[in-house]
Amino acid sequence: MALVTARASRYGHPVDAPRSVRGLVPWILTLVALGLGLLSLLSAHESAIGPYGLIQALPLGYFASLVILAAAFIMTWMNHEIRYSQFAAQVVVLVVLLHGAPGFIESEPRFHEAWTHAGFTGYIMQTGHVLPHTDARFNWPSFFTGAAMLARAGGLPNVIVLLRWWPVFLNLLYLPPLFILAKHILRDEKKAMLVVWIFPLANWVGQDYFSPQSVAYLLYLVFVCLVLGPFAANREAFFPQWLRALLPPWKRRQQQQEELDTLPEDQRNTRLEVMILLAILLGLSLAMATGHQITPYFAFTAVAGLAILGRTKLVAWPAVMFLVATGWVCYGAQAFWSGHFNQLFGGIGNLGGNVSANLAKRLRGSPAHYQILDVRLFMFVLILALALAGFFLGRKTGANRRAAVVLALAPLLSLGGQAYGGEAGLRVFLFCLPGALCLAALALTTVAGRLRAIAVALLIALLIPCFLLARWGNELFEMVPAGEVSGMRALYAMAPPGSRFLAINPQVPWQFMDIDQHKLITSKLDSSSFVFGNTVANVAARLNGPQGGYLVITETEVAYARESYGLGNWAQTVERRFAASPLFQRVYQNPTIVIYKYIGGTEHAQPGSPNQHVGRSIHARPGSRKQHGGRPIHARPGSRK
Amino acid sequence: MHGQDPESNRRLECQVIGVAAVLLAVGGILVIGLSAPWQIRFPIVAAASLFGPAIPALRLFTRRTLIECLVYGVGMNIALLMLVSLGLVMAGSWYPTISIMVLLLISLAAGARLTMVSATM
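Below is a short write-up of the structure. Note that residues are indexed from 1 along each chain, following the sequence as it is written. The naming scheme follows written order: chains are lettered A onward, ligands numbered 1 onward. At least 70 in pLDDT is required for a residue's local features to be given in this predicted model, at least 80 for side-chain atom pairs to be given and counted, and no such filter applies to totals for whole chains, interfaces and linings, which use all residues. Water and hydrogen atoms were dropped before computing side-chain values, which therefore reflect all heavy atoms in the structure.

Scanning chain A for helices and strands turns up 28 helices and six strands. Taking the intrachain contacts of chain A between residues at least 6 apart in sequence as the baseline, contacts between residues at least 24 apart amount to 78%. Accessibility throughout is a Shrake-Rupley quantity obtained with a 1.4 Å probe, and a residue counts as covered only by protein chains that appear here. Taken as a whole, chain A presents about 26,000 Å² of accessible surface, with 63% of it coming from carbon and sulfur. Numbering of helices and strands runs from the N terminus; a helix is a DSSP stretch of H or I covering at least four residues, while a strand is a stretch of E covering at least two. Note on definitions: a residue-residue contact is assigned when non-hydrogen atoms from the two residues lie within 4.5 Å.

Below you can see the structure in the form of structure tokens.
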């Protein structure tokens, strides 16, 4: 080797030429993965999405691109030098390929809730007012007001243009604070890089759409970075801080100096710096408290746990955090809790009921849906098992395991507080991830040499298909077909202000415009009589108002009922009843949406159905998603407007 | 940026952050003032608001590392956008464009100050 180097120098080549060429290989692989992945995504078809979700529409080239990218990452990560630029490029490509896949394939931005949030933001953009009585979420409006302010100043026509790439953008923003957090906990940059790489693969929860929680999670990560970075402590657990005040001053100073000496250089602060960082913490706490219902409580439990276990100097901050969050609930969210006191506080202490709402009641549906839920549970268990192994195996690594355990376990406490519409379980997993992945990284890096690379490669090979199933498995009813959007636009154009809209479940892209003009009614399939009861009469009763009402049946509603509730023939049965009823008239249809207008009267008042002349109904036909040229159907002469 | 002594690294980082803050703030003010189409205007205004006052200010007043300034700064800027806009809505005076312009002016001032300070480091 010395001979080669000497020859290279003699002939004027750079002495480390072979190393430079070797260093280029991960770059080349990353670019190949990006090119192949994008080409594959652009060649995929929306119509191929099936009961297992997006994975059925993904070409083989896409999977090959992820394998190539994983190989490039392992080469970079196993190198003895730390190559940040290479690593950053690989992580960006990973996030674009994993979290941007629907953005390339689907014709409209995905997820109905995101459309609702866009409508609310648009309302604030135009009026400068909020609608606290319209929806519980709007009582925590700072995310919506912030987005509205930025969109208005940026000249956006509406925020729907942001929906498609929002998850990619947010997932990219999560990674720098996660890296700092992992570095603070693990005290090792290579291990922190591993945490950052695994996070996009493990984050199947899907809370990164255009929503308050997507930004609140980012603020939470920055918050925890500050708590464990500049405000880190290395105290004995359970040391009562108030006892310190009883000590003589010289003893207190000595103790403080001892604590300071155990901290790394970069975690010591000047007085001005402390004030600035505390101001940032306060800003983050206020933004979380006014922006999202449960994130501030996750932050509260995390900082309280860290303070109790002596991992942060911010022993009073849990009280500040709690007061800020609860203060906003009392003052800013009054419109919500004054009418829903039991909903807000009824779950406190009801651990069994909350777990049941979050776990047992979600485990149902078609066989494919069951399998997707199994994959989600498997990922949950796998990461927690790795975290547990990391806790024991990482004893001698010098990592701040106690802090990681607090971050991984503190979110579980929220299950004792609120069921949160059955979604608290998802949030718990999301908030567990930073701590759990730090411990998992400890487990993976206890083995040395090539075994370490093999362990990481095996985990990535396992996580890629699991992620694609768990994250995009519900795509059949979480996507928004273009026909449904055009149908809803037609509905908003024809419906008079004050009229009522009713959907049989929440999978409808509505409220993205004229959010204050109509009253919306959503039914839950498990609590209504849609399936077995007198459906038509019930719907008629709920739509009976001075301005009339409309019933919306969409392809994704039908898919949701079939996949999530196992109601196979439900769509046909229900729609046949409406088509036959004299109380309803079909006023719009395209292959993905049918809209009925409530025209009043009684079920036996008219001899025939006004829908007899109208053709087919909607039954989630495969391959029908591209044909969305709908048409309004004009009311027959003599029928009531 | 690497391979030099820590102080010159820090000076260079300060200059880059200061110049970036100034350029983004000036760009944001210009595209708003000229009523540029949203395809140009929104990315510049959003980038300027995310980079905003907090990143140059953190670099100016603290000794945190570059990545820490970026992370805490982005977090603070987002929080600032949320809280300022909430304040506007609650006060019943919805002037979003003017508020963003004020934030950009503060960012411009912080960036200019950081650039000047880093030149004399």
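Now that the structure has been shown, we can carry on.
Okay, the overall build of chain B next. In terms of helices and strands, chain B carries five helices and zero strands. Secondary structure of chain B in N-to-C order comes out as α-α-α-α-α. It is over C-alpha atoms that the radius of gyration is taken, and the globule rule equals 2.2 Å times the number of residues to the power 0.38. Radius of gyration (C-alpha) of chain B: 15 Å, near the 14 Å computed for a compact globule of 121 residues. Seen along its three principal axes, the alpha-carbon backbone of chain B occupies a region of about 50 × 30 × 20 Å. Here the term buried applies to any residue with accessible area under 20% of the maximum for its type, exposed to any over 50%, and partly exposed to those in between, with areas from a 1.4 Å probe on protein chains only. The buried share of chain B, reckoned over its 121 residues, is 49%. In chain B, 64% of the contacts between residues at least 6 apart in sequence involve partners at least 24 apart.

Moving on: the pairing of strand β5 (residues 593-598) of chain A. Residues and elements named next belong to chain A. Burial of β5 is extensive: six of the six residues sit out of reach of the surface. Residues Ile-593, Ile-595 and Lys-597 of β5 are buried on one face, and the alternating residues Val-594, Tyr-596 and Tyr-598, pointing to the opposite face, are buried as well. The antiparallel pairing of strand β4 (residues 584-590) with β5 creates a hairpin that spans two residues between the two strands. For two strands to pair, DSSP has to find at least two bridges joining them.

Here we come to the nonpolar core. Residues belong to one nonpolar core when they are buried, are Ala, Val, Leu, Ile, Met, Phe, Trp, Tyr or Cys, and are joined through side-chain atoms within 4.5 Å. In terms of nonpolar packing, the biggest core is built from 202 residues, with Trp-197, Tyr-220, Phe-223 and Leu-468 of chain A together with Tyr-72 of chain B touching the most fellow members. Looking at this core, the element that brings in the most residues is helix α22 (residues 424-444) of chain A, giving 16 residues. If near-sequence neighbours (up to four positions away) are discounted, Tyr-72 of chain B is found in contact with Ile-180, His-184, Val-222, Cys-225, Leu-226, Pro-230, Leu-277 and Ile-280 of chain A together with Leu-58 of chain B. Listed in part, the 21 residues of the second largest apolar core include Ile-553, Ala-571, Leu-583 and Val-594 of chain A.

The interface of chain A with chain B comprises 54 residues on the first partner and 36 residues on the second. Here the quantity called buried area is the total loss of accessible area, with a 1.4 Å probe, experienced by two parts when brought into contact, counted for both. A buried area of about 3,600 Å², summed over both sides, lies between chain A and chain B, and 81% of it is on carbon and sulfur atoms. Of all residues in chain A, Met-149, Leu-150 and Ala-153 of chain A give up the largest surface area on contact with chain B, accounting jointly for 19% of the area buried on that side. Salt bridges, as used here, are contacts in which a Lys or Arg side-chain nitrogen is within 4 Å of a carboxyl oxygen on Asp or Glu. Joining chain A to chain B, the criterion identifies one salt bridge. In this structure, the salt-bridge partner of Arg-64 of chain B is Glu-273 of chain A, at a minimum N-O distance of 2.9 Å.

Surface patches are drawn from residues lacking salt bridges whose relative accessible area is over 30%; two like charges belong together within 9 Å, two nonpolar side chains (Val, Leu, Ile, Met, Phe, Trp, Tyr) within 5 Å. Together, Leu-24, Trp-27, Ile-28 and Val-32 of chain A make up a nonpolar patch on the protein surface, roughly 350 Å² of accessible area in all. Turning to its location among the elements, Trp-27 of chain A is positioned in helix α2 (residues 17-43).

Right, let's get into the pattern of salt bridges. All names here are of chain A. According to the stated counting rule, one finds twelve salt bridges over all chains in the structure shown. With a shortest N-O distance of 3.0 Å, Asp-208 and Arg-471 are connected by a salt bridge. One end of the pair, Asp-208, is in the loop between α10 (189-202) and α11 (212-228); the other, Arg-471, is in helix α23 (residues 449-472), with 263 residues separating them in the sequence. By relative accessible area, Asp-208 is classed as buried at 1%. The class of Arg-471 is buried, set by a relative accessible area of 3%.

As a further point, take empty space enclosed by the protein. Residue and element names in this part refer to chain B. Here a cavity denotes a set of grid points, spaced 1 Å apart and computed over the protein atoms alone, in which a 1.4 Å probe fits but from which it cannot get out, and a pocket denotes an open set meeting protein on both sides within 12 Å along at least five of seven lines; residues with an atom within 4 Å of a point are reported as lining. Grid points are joined across faces, edges and corners, and a volume is the space filled by probe spheres set on the points. Applying the stated criterion to the full structure yields three cavities of 30 Å³ or more. Considered as a void within the structure, the largest cavity measures approximately 120 Å³ in volume. Nonpolar residues are Ala, Val, Leu, Ile, Met, Phe, Trp, Tyr, Cys and Pro. Charged residues are Asp, Glu, Lys and Arg, and all others, Gly as well, are polar. Its residues assigned to classes, the lining of the largest cavity comprises six nonpolar, two polar and six charged. The volume enclosed by the second largest cavity comes to roughly 60 Å³. Lining the second largest cavity, in full, are Ala-48, Ser-49, Gly-52, Pro-53, Asn-77, Leu-80, Leu-81, Leu-103, Leu-104 and Ser-107. For the lining of the second largest cavity, the elements supplying multiple residues, two or more each, are α2 (38-51), α4 (66-91) and α5 (96-119). For the lining of the second largest cavity, a count of residues per class yields six nonpolar, four polar and no charged.

All names here are of chain A. Looking at where Gln-213 falls in the secondary structure, it is placed in helix α11. Exposure remark for Gln-213: the relative accessible area of 8% places this residue in the buried category. Side-chain atoms alone can form a polar contact between residues adjacent in sequence; in general such a contact is a pair of N or O atoms within 3.5 Å, and within protein one must be able to donate a hydrogen while the other accepts it. Side chain to side chain, Gln-213 and Tyr-209 meet in a polar contact 3.1 Å long. With sequence-adjacent residues up to four places away left out, Gln-213 is seen in contact with Gln-207, His-292 and Arg-427.

Right, let's talk about the environment of Trp-140 of chain A for a bit. All names here are of chain A. Mapping Trp-140 onto the fold places it in the loop between α6 (112-127) and α7 (142-153). Residue classification places Trp-140 among the buried residues on the basis of a relative accessible area of 2%. Excluding its chain neighbours within four sequence positions, the residues that come into contact with Trp-140 are Ala-289, Thr-290, Gly-291, His-292, Gln-293, Trp-328, Val-329, Ala-333 and Phe-336.

With that settled, consider helix α1 (residues 6-33) of chain B. For a helix, the expected span equals 1.5 Å multiplied by the number of residues minus one. Compared with an ideal rise of 1.5 Å per residue, which puts 28 residues at 40 Å, α1 of chain B spans 40 Å between its outermost C-alpha atoms and is within 8% of the ideal. Ser-35 of chain B occupies a position one or two residues after α1 of chain B and carries a positive phi of about 50°.

To continue, consider the packing of aromatic side chains. All names here are of chain A. Stacked, tilted and edge-to-face are the three classes assigned to paired rings of Phe, Tyr and Trp, where Trp is represented by its six-membered ring and a pair needs centres within 6.5 Å; plane angles under 30 degrees give stacked, over 60 edge-to-face, the rest tilted. On inspection of all chains with the given rule, the structure shows 35 aromatic pairs over all chains. Residues Tyr-174 and Phe-199 carry aromatic rings whose centres are separated by 6.3 Å and whose planes lie at 90° to one another, so their mutual orientation is edge-to-face. Taken together, the positions of Tyr-174 in helix α9 (residues 166-186) and Phe-199 in helix α10 put the pair 25 residues apart, joining distant regions of the chain. Like Phe-199, Tyr-174 is buried. Measuring from ring centre to ring centre gives 5.1 Å for Phe-380 and Phe-429, while their planes differ by 50°; the resulting arrangement is tilted.

Positive phi, close to 75°, is recorded for Phe-111 of chain A, a residue that is not glycine. If you trace the backbone, Phe-111 of chain A turns up in the loop between α5 (101-105) and α6. Using a relative accessible area of 15% as the deciding quantity, one classes Phe-111 of chain A as buried. One non-glycine residue with positive phi stands out, namely Ser-35 of chain B, at about 50°. Relative to the helices and strands, Ser-35 of chain B is located in the loop between α1 and α2.

Residue and element names in this part refer to chain B. Between α1 and helix α3 (residues 54-61), whose axes approach to 9 Å, the crossing angle comes to 150°. As the angle between them shows, α1 and α3 are arranged roughly antiparallel. Crossing handedness for the pair α1 and α3: left-handed. Packed against α1, whose contacting residues are Arg-10, Glu-13, Cys-14, Ile-17 and Ala-21, the element α3 presents Ile-55, Pro-56 and Arg-59 at the interface. Fitted lines through C-alpha atoms serve as axes, helices being fitted only where they are in contact, and the angles separating the N-to-C directions of these axes extend from 0 to 180 degrees. Should an angle lie under 35 degrees it is considered roughly parallel, over 145 roughly antiparallel, and from 65 to 115 roughly perpendicular; all remaining angles are considered oblique. Two helices cross in a left-handed way if the nearer one is turned anticlockwise from the farther one by less than a right angle. They cross in a right-handed way if the turn is clockwise.

Direction vectors running N to C along α9 of chain A and α4 of chain B enclose 125°, while the axes themselves pass 9 Å from each other. One element, α9 of chain A, and the other, α4 of chain B, form an angle in the oblique class. Our pair here, α9 of chain A against α4 of chain B, has a crossing hand that is left-handed. Together, Pro-176, Pro-177, Phe-179, Ile-180 and His-184 of chain A of α9 of chain A and Ile-67, Glu-68, Val-71 and Tyr-72 of chain B of α4 of chain B make up the contact between the two elements. A per-class count over the contact of α9 of chain A with α4 of chain B returns seven nonpolar, one polar and one charged.

Our focus in this paragraph is α5 of chain B. Taking 1.5 Å per residue, 24 residues should reach 34 Å; α5 of chain B reaches 35 Å between its end C-alpha atoms and fits that length. Within the span of α5 of chain B, buried status applies to Pro-96, Ser-99, Ile-100, Leu-103, Leu-104, Ser-107, Ala-110, Gly-111, Leu-114 and Ser-118 of chain B. The inward-facing, buried residues of α5 of chain B contact α7 of chain A together with α1, α2, α3 and α4 of chain B.

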